[in-house]
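Listed below, chain by chain, are the residues.
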Amino acid sequence: MAPQFRKTSIRRLQAISIIVIFIIGTMLPLFNKPSSIAHAEEKLKSKETADADTFEKQLEPYYYEVVQKWKSDGVQPGSEQLKLDAGNFSNKSRDAGVTLGSYAGKDHALLWSTQNGWVEYNVNVKEEGLYEMAFEYAPFLQKDGGTRQSIIFNVQINGAYPFKESRAIELKREFRDEKPQYDEKGNQIRSLVEDITGWRTEALRESGGANVEPLLFHLKKGENIIRLQALRESVALKTIEIKSPETYKTYQEVKEEYPSNSGKNGKLITIEAENFSKKNSTSIQVQYDRDPLTTPESLKKIKFNTLGGSNWYQGGQAVTWEFDVPEDGTYKIGFRGMQNYRKNLATFRTVYIDGKIPFEELKHFRIPYASGWQEVILEGKGKSPYSIYLTKGKHTISLEATYEPFVPLIIQMDKLSNEIRAISQDLRLATGNQEDSFRVWNVEEELPGLLDKLKAMKKQIETMTKEMLKVNGERSNVSQALESIVQDLTYLLDEPGEIANSQVRIGALQDSLENQRQELMNSPLAVDKFYISPDKEEFPSMTANWFQKIQGSYNSLIYSFSDQNQLHQQSDKELNVWMMWGRDYAEELQQLANQYFTPKYGIKVNVNLIQDTNLLILAKSAGIMPDVALGVPSGMPFEMAVRGAAKDISTMPGAEKLLEQYAPGTLLPYYYDGGTYGIPETINFKVLFYRKDILDQLGLEVPQTWDDVYDMLPTLLQNHLNFYADPKDFSYMLYQNGVELYTPDGMETGLDQPEAFKGFEEWTNLFNLHGMDRQVQSFYQQFRKGLFPIGIADFNQYMQLLVAAPEIMDAWGIAPIPGHIDPSGANVRWAGGTGMGTTSMMLFNDTPKEKQELAWDFIKWYSSPEVQTEYGLNLEQFRGETFRWNSANVAAFSKMPWRKSDLQAILEQWKWEKDIANVPGGYMTTRQLDFAWNQTVLEGGNPRIELEKAVKAIKRELKRKQSEFHLIDENNKVLNPLDVPIISEPWKGVEPYEQ
């Protein structure tokens, strides 16, 4: 303990010294006296800026920026055509999981069966220039070890990544829906999805879909080394083609090449959007719509009659339709579309005919915002439809989401966001991380150059606002947000003395830019049907008139009162399950129940989709409770238990065995008064995220303890980087310091103990003493950029990075949360947060006894490892990676397609999961801890005094609630202790699944 005490004392002395320097440095300008301390501070700041600049230069530019530089440098397209045998590589890493063999009918293919290592090819070109690359590839099918995810590589040219996008290059799969399926009531349900990807040749494109054209690579004259590294999925490669870039003619140039007799009369061709032939993402789904002009009708019974919407928004997502042309001729194309997902913001689609972009104008065709269904005609600026020559026979039309016109603005927003963050850091350094409303700042002298930066930023955003209007075609929410930022900057420039005390406002500017940047990257669109019409014919009407709209609204209203939409029509002969998830989740469960549960137990299961969680409480009053509830927020079982509505699951036969499948810490929210009133359905783990590339550059190791974190912080801060810790998450600091939030009888708070004051002080010191940011605008974005290369976050962050940040796929990893070394030498990693955003399952006392037993059978069936595994795998395979099922059943969780190293880190942290127990009045605990943090960190209060204030308020509310629920008498004598479990040992239930 003595060495540890000395180490802590030294660290505190160092921190106090830094604070003294900041105070002196802040006061000196007031007296206008030169000082060696001020000189040392300025020297340190200059060194930090230089180090930050050096660090930034190690990051690659965007592809758009590189292309602009090629243009300014006069780099020309190459003219050679080369084809390499993928099996004839010149070099490979020792860990490369590659062999040569046959796959899907082709011999001597490079079989990349594991996502390890790299291979290199020596390529000799006679002419320097810009070249496209195309792969002939076949993704491994599931029976061969593949999944339904796309393939992702990274590509280096001559030992370096030429641009950011080369870190994640995607090769898509292709899918189609199998034959339509219907439930017993005639409602259409989701079809199974078939992977139809075979051997195909595709040019390399970046994974985000920002660029319509294939990526270009600058190859020098002579020998070039091309290195490929597999990041995701198993794949067979046959050939690598290097060729000159494809060029696109304008519409007028293409039209002049049409045959002279191309204007023949043809026939109108109609294509229903739901009848597509293939798509390159399982996330793109058919939907149903009740507009009077949407066909086929979906009124009395659900019939999928549209495609896309909010699930067809990512760049690069494409859908293809087949159609027959009765005779040669020129045709115009239109479709009935819905584009009302973002106020006044346009969406773009790339149009392909027979797999090719017909002409330049269809590379990114703009679809304007409209409040409802609209007529979308492929036409030019003069509102004249494009004529497209089609020969008799089969053809295809494809629409692909893109946001390429917005890319220059997105890049500028990214850079401005970084500049705003740098300004925030400068202000934090100058103010000592404290705002003082009584101090008068001379910004020009004390913060030289800041006003010039803000003026330049204002001018740039004003220019962006004009460019946004030009690209979008009308004023949008994004334009308004940019105008609002300009107004804020104008205020700061008009009142420079307020800048130092406006750190929250400046941080909000960064948040706004990040939000608008993400908004521009989304391109949602729904399609009802296509019309391919001869040039001389008119399109059918695509929008409903006022009479049709009124009739449609009336029909929808009448339908809403039909029996199948009334919960009071629940049958006593069916097991009524309420599910608070989306329709896709409910449909998948209904199919599994029909397939497995009903044949075994002899009762029909009726899965009802419930959108409002408060409906459970209202249903109790109305006497229409379900037999089983799923997807219930983790706090709801406790609320229902104190009101006598929830069934104590621990009294059911076999409950002890079932509950052993779950970590005791994850069950804490469901304990009350000796009973268990809910079972975890999903888990929201928290882990440490870190950027491998940046930590390597800085010579830092992944921290195992909080002392390790404190040791690495100076290096991070010196490089204008930081460690992210959620300011509102107290769990790890309190739990790891041995704090229990409540006494074992559940009647008193545990925050009045010495270890609680120690843990609270360490928590607030993260921000007061160690320099962690109190306000972070999207850790996901900052982590992606590398500005916060390490931090603690949850499952949602994990999925965002996995799905939406492929460019850093090989550059990040996760690890267990840093811990504290206890007296026995063990690294204690307790952390909570699993109750935030998690769901549970529960039973009810109102259910008749005979049905209650069947409801319990359903819970046991649904929560079993086998059903949870099949449920989770089906969701992801048929609906996409965004449906990854984070089952609270560790056996099922471990069988989802996680990265192996990630799974091991999650399982290690799972041992230490410890959520917040629920007691009457317990909401005051989190509320008062939040207040105490605000007073200590934001207002400069004393941590002990602020926590003591919080404890008084918590005790008062606990007593009030205990009296309300008759847990104590009028003399505060305990009548009914609650017996809150104390979790003191890590869970060993994960050990069978660790490798």
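Residues numbered from 1 in each chain as written. Predicted model: local features only at pLDDT ≥ 70, side-chain atom pairs only at ≥ 80, totals over all residues. Heavy atoms only, no water.

Looking at an unreviewed UniProt entry, one finds the protein named ABC transporter substrate-binding protein and attributed to Neobacillus kokaensis.

> Which residues make up helix α23 (residues 865-879), and what values do they have?
At 3.6 residues per turn, the α-helix brings residues three or four places apart onto the same side. Between its first and last C-alpha atoms α23 spans 21 Å; for 15 residues at 1.5 Å apiece the expected length is 21 Å, and the two agree. Counting buried residues along α23, 11 of its 15 residues qualify, which places the element largely inside the surrounding structure. Residues of α23 that are buried: Val867, Gln868, Thr869, Tyr871, Gly872, Asn874, Leu875, Glu876, Gln877, Phe878 and Arg879. Considering only its buried residues, α23 is in contact with β12 (193-195), β30 (574-579), α11 (583-601), α22 (849-863) and α24 (890-893). (Helix = DSSP H or I, 4+ residues; strand = E, 2+ residues; numbered from the N terminus. Expected span 1.5 Å × (residues − 1). Buried < 20%, exposed > 50% of the residue type's maximum accessible area, 1.4 Å probe, protein only. Contact = heavy atoms within 4.5 Å.)

> Any details on the pairing of strand β6 (residues 129-139)? Residues and values, ideally.
Of all 11 residues in β6, 11 are buried, a share of seventy percent or more. Note: β6 against strand β15 (residues 217-219), 3 bridges, orientation antiparallel. By the bridge assignment for β15, Tyr131 is matched with Phe217. Two elements, β6 and strand β17 (residues 235-243), share 8 bridges in a ladder whose sense is antiparallel. (Pairing = 2+ DSSP bridges.)

> Account for helix α21 (residues 795-804), with residues named and values stated.
Among the residues making up α21, those that are buried are Phe795, Gln797, Tyr798, Met799, Leu801 and Leu802. Where the residues of α21 are buried, they touch β16 (222-232), β36 (686-691), α20 (779-785), β38 (790-794), β39 (812-815) and α25 (900-910). The N-cap of α21, judged by a side-chain oxygen 3.2 Å from the amide nitrogen of Asn796 a few residues on, is Asp794. (Polar contact = N/O pair within 3.5 Å; in protein donor to acceptor, adjacent residues only side chain to side chain.)

> Can you explain the side chain of Lys279? Please cite residues and give values.
Tracing the sequence through the fold places Lys279 in strand β19 (residues 278-279). The class for Lys279 is buried, based on a relative accessible area of 2%. Of note is the side chain of Lys279, whose polar atom sits 3.3 Å from the side chain of Asp177. From its side chain, Lys279 meets the backbone oxygen of Ile284 in a polar contact 2.6 Å long. Discounting chain neighbours no more than four positions away, the residues touching Lys279 are Arg173, Glu174, Phe175, Asp177, Ile284, Ala318 and Val319.

> Got a sec to walk through the packing of aromatic side chains? Specific residues and values, please.
Overall, the coordinates contain 46 aromatic pairs when judged by the stated rule. With 6.0 Å between their ring centres and 45 degrees between their planes, Tyr585 and Trp885 make a pair best called tilted. You can see Tyr585 sitting in helix α11 and its partner Trp885 sitting in the loop between α23 and α24, a full 300 residues away along the chain. The same class applies to Tyr585 as to Trp885, namely buried. When the centroid spacing of 5.4 Å and the interplanar angle of 85 degrees are considered together, the rings of Phe767 and Trp933 count as edge-to-face. One end of the pair, Phe767, is in helix α19 (residues 754-768); the other, Trp933, is in helix α26 (residues 923-938), and 166 residues separate them in sequence. Looking at Phe767, the relative accessible area reads 1%, which means it is buried. By relative accessible area, which is 2% here, Trp933 ends up buried. Among the aromatic residues, those joined into a ring-pair cluster are Phe685, Phe689, Tyr724, Phe779, Phe783, Phe788, Phe795, Tyr798, Trp812, Phe893, Trp898 and Trp910. (Phe/Tyr/Trp six-rings, centres within 6.5 Å; stacked < 30°, edge-to-face > 60°.)

> Residue-level account of the packing of α11 against α23, with values.
Each pair of packed helices can be summarised by the angle the axes make with each other and by the distance between the axes. The interhelical angle for the contact between α11 and α23, taken along N-to-C directions, is 130 degrees, at an axis separation of 10 Å. Taken as axis vectors, α11 and α23 run oblique relative to one another. As α11 packs across α23, the resulting crossing turns out to be right-handed. Each of Asp584, Tyr585, Glu587, Glu588, Leu589, Leu592 and Tyr596 in α11 lies in contact with α23, whose residues at this interface are Glu870, Tyr871, Asn874, Leu875 and Arg879. Residues that form the contact of α11 with α23 fall into these classes: 6 nonpolar, 1 polar and 5 charged. (Axes fitted to C-alpha atoms, helices over the stretch in contact; angles between N-to-C directions. Parallel < 35°, antiparallel > 145°, perpendicular 65-115°, else oblique. Left-handed = near helix turned anticlockwise from the far one by under 90°. Nonpolar A, V, L, I, M, F, W, Y, C, P; charged D, E, K, R; others polar.)

> Tell me about the pattern of salt bridges, and please be specific about residues and values.
Scanning the entire structure with this criterion turns up 55 salt bridges. Of the charged contacts in the structure, one is a salt bridge between Glu174 and Lys278, with a shortest N-O distance of 3.0 Å. Of this pair, Glu174 sits in the loop between β8 (169-171) and β9 (175-177) while Lys278 sits in strand β19; the two residues are 104 residues apart in sequence, bridging distant segments of the chain. On the basis of relative accessible area, Glu174 is assigned to the buried category, the value being 14%. The closest approach of N and O atoms between Arg879 and Asp584, which form a salt bridge, is 3.2 Å. With a gap of 295 residues between them, Arg879 in helix α23 and Asp584 in helix α11 connect regions that are remote in the sequence. Judged on exposure class, the residue Arg879 and its partner Asp584 are both buried. Linked by salt bridges that have partners in common, Arg190, Asp584, Glu587, Glu588 and Arg879 make up one network. (Salt bridge = Lys/Arg side-chain N within 4 Å of Asp/Glu carboxyl O.)

> Pulling in residues and values, what's your account of the sheet that holds β16?
Read from one edge to the other, the open sheet built from 6 strands follows the order β2-β5-β16-β7-β8-β14, with strand pairing classed as antiparallel. The open sheet has two edge strands with one neighbour each: β2 (91-92) and β14 (205-206). Alignment of strand β7 (residues 151-157) against β16, held across 6 bridges, turns out to be antiparallel. Bridging from a neighbouring strand, Val155 pairs with Leu228 of β16.

> Pulling in residues and values, what's your account of the side chain of Thr705?
Relative to the assigned elements, Thr705 resides in the loop between α16 (692-698) and α17 (706-718). Thr705 gets classed as buried once you look at its relative accessible area, which sits at 12%. For Thr705, the residues in contact, after removing those within four places along its chain, are Pro818, Gly819, Ile821 and Asn827.

> Explain unusual backbone geometry residue by residue, including any values.
Pro296 follows Thr295 through a cis peptide bond whose omega is -10 degrees. Position of Pro296 relative to the elements: it lies in the loop between β20 (286-287) and β21 (306-309). Phi is positive for Lys383, close to 60 degrees, though the residue is something other than glycine. Summarising the element assignment, Lys383 is placed in the loop between β26 (373-377) and β27 (388-390). The class of Lys383 is exposed, set by a relative accessible area of 63%. Unusually for a residue other than glycine, His966 sits at a positive phi of about 60 degrees. On the accessibility criterion, His966 (60% relative accessible area) is exposed.

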